[in-house]
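Structural overview for review
Residue-level listing of the chains:
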Amino acid sequence: MDDTDRALLVELQENCDRSAKELANALAKRGYQLMGPAVAARKKRLIADGLIQRAVVLLDAKRCGFNLYVLLVRLKDGSTHAEDAVSEAILSIPEVVEFHTCLGDDVHNVVKLMADDVARVNTISRLLRSLPQVDNVTSLNVAETRRYSTAVPINAPMNGSTE
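Counting buried positions along strand β3 (residues 109-115) gives five out of seven residues, so the element sits mostly inside the fold. Direction of pairing for strand β1 (residues 67-75) relative to β3: antiparallel, over a ladder of seven bridges. By the bridge assignment, Val-70 is partnered in β3 with Lys-112. When strand β2 (residues 96-101) meets β3, the two strands line up antiparallel, connected through five bridges. If you follow Thr-101 over to β3, its bridge partner there is Asn-109.

Okay, here's the thing in structure tokens:
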């Protein structure tokens, strides 16, 4: 992956719905001179190489009536069996939008979920607490999101830049 690929990936993360010509114009503003067909070929290669997994539409959760909640899950036993059983339960919950296994002393899993009703969050928390491998579940209602991005922070310097 070269600097041109990085710049293209930055542009695609901002708006992947642009035509190859529009992307070429955006890249030109960054100092990269490519024609539309060359941009299309690079994008196709980045997809084939697996750097681009898929293109999605990002919805405004609040406007759709959903709030973000975070569950902090502490396990009783750090064994692989316990982790697998809890993971299976968490992954079966449709409201889960992110699920992370953590290293550290107190929290083993961080689960982010979108729900339109706090009662549903309570139901999910009770379900997880009922698992024999779970020691505790702490629920947090996210009051304000100050930054949200799905973009990977790819370093794409301007063409000719030494940064």
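That was the structure; now back to the text.
Turning to a negative patch on the surface, a few remarks are in order. A cluster of like negative charges, contributed by Asp-77, Glu-83, Asp-84 and Glu-88, occupies part of the molecular surface. By relative accessible area, which is 41% here, Asp-77 ends up partly exposed.

So, about the environment of Met-35. Topologically, Met-35 is positioned in the loop between α2 (20-29) and α3 (36-48). Taking the relative accessible area as the measure of exposure, Met-35 reaches 63% and is therefore exposed.

Criteria and thresholds
Residues numbered from 1 in each chain as written. Predicted model: local features only at pLDDT ≥ 70, side-chain atom pairs only at ≥ 80, totals over all residues. Heavy atoms only, no water. Buried < 20%, exposed > 50% of the residue type's maximum accessible area, 1.4 Å probe, protein only. Helix = DSSP H or I, 4+ residues; strand = E, 2+ residues; numbered from the N terminus. Pairing = 2+ DSSP bridges. Patch = residues over 30% accessible without salt bridge, like charges linked within 9 Å, V, L, I, M, F, W, Y side chains within 5 Å. Areas by Shrake-Rupley, 256 points an atom, 1.4 Å probe, with all protein chains shown as cover. Salt bridge = Lys/Arg side-chain N within 4 Å of Asp/Glu carboxyl O. Lys, Arg positive; Asp, Glu negative; His and termini not counted. Charge placed at Lys NZ, Arg CZ, Asp CG, Glu CD.

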